[in-house]
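Below are the chains, spelled out letter by letter.
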Amino acid sequence: MQFFSGFCLSGESELFSSFLTNSEYEVAGFSLGAIKAYEYCLNTTKRVDTLTLLSPAFFLDKDEKFKRLQLLHFKKNKDKYIENFLTNASYPCKNHLKNYFSEGSYEELELLLNYKWDERLKDINLRVYLGAEDKIINTKEANNFFKNFATTYYLKEKGHTLCKL
C-alpha cells in the first residue's frame, strides 16, 4: 500500500489500520495526504484498485478571506498555528498525533487550502471516510461533494483523525 501523510505528520498510517486493506494496489492518504494520494492516482501508470481518502483536506466551501487568514496566521507564528492545528486535528483524542509530528510548510498549507477537488477519478474504487465531529473541515460539505463519485462513510462521534469521542 502507498500511504500519504497529513499536514505536519509522518508515518501515521497505523492510526487508520482499521480503514485500510493494506493491499499492494491500494493508495491512501490522510488530510493533506489525501490530496497527494488523489494526484498520485491521476498521474501514475501503476495499477491502483482502491483509493482511500481519510478526512481529505476539503476547503472548497471556504472563501478567499478565510484562506488568506490561515496563511497569515501561519506566517505570523508557525509554531502556535501548528500547535492549534494539531490540537483540533486530534479532537476528540488528546495528543495522539505528537508521535507523528513532522515540520509542515507554508507551501503545504497553501496547497491544502486551495486544492480544487474534481471528479476525474470516477472509474476507480474511491472510498472517503469523514468524521462528523471534525474540527478541521466541514464534513457535511465534503460528504455532499464526494458522495457523487465515491463511497463515503460519514462516521458519527469521530473527529478528523477518525478516533471516537
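We now turn to the structure provided with this report. Predicted model only: the values in this text are computed from it and were never measured. (Residues numbered from 1 in each chain as written. Predicted model: local features only at pLDDT ≥ 70, side-chain atom pairs only at ≥ 80, totals over all residues. Heavy atoms only, no water.)

### A short note on the state of the cysteines
Stage number 1. All chains considered together, the criterion is met by one disulfide.
Stage number 2. No disulfide involves C8; its nearest neighbouring cysteine sulfur is the one of C163, lying 17 Å away. (Disulfide = S-S within 2.5 Å.)

### Let's talk about the pattern of salt bridges
Stage number 1. The final tally for this structure, using the stated rule, is eight salt bridges.
Stage number 2. With a closest N to O distance of 2.9 Å, E103 and K78 form a salt bridge. Of this pair, E103 sits in the loop between α3 (78-90) and α4 (106-114) while K78 sits in helix α3, placing them 25 residues apart in sequence.
Stage number 3. Judged by relative accessible area, E103 falls into the partly exposed class, the value being 49%.
Stage number 4. Taking relative accessible area as the criterion, K78 reaches 28% and is therefore assigned partly exposed.
Stage number 5. Taken together, the shared-partner salt bridges in this structure form one network comprising E39, D118 and R120. (Salt bridge = Lys/Arg side-chain N within 4 Å of Asp/Glu carboxyl O. Helix = DSSP H or I, 4+ residues; strand = E, 2+ residues; numbered from the N terminus. Buried < 20%, exposed > 50% of the residue type's maximum accessible area, 1.4 Å probe, protein only.)

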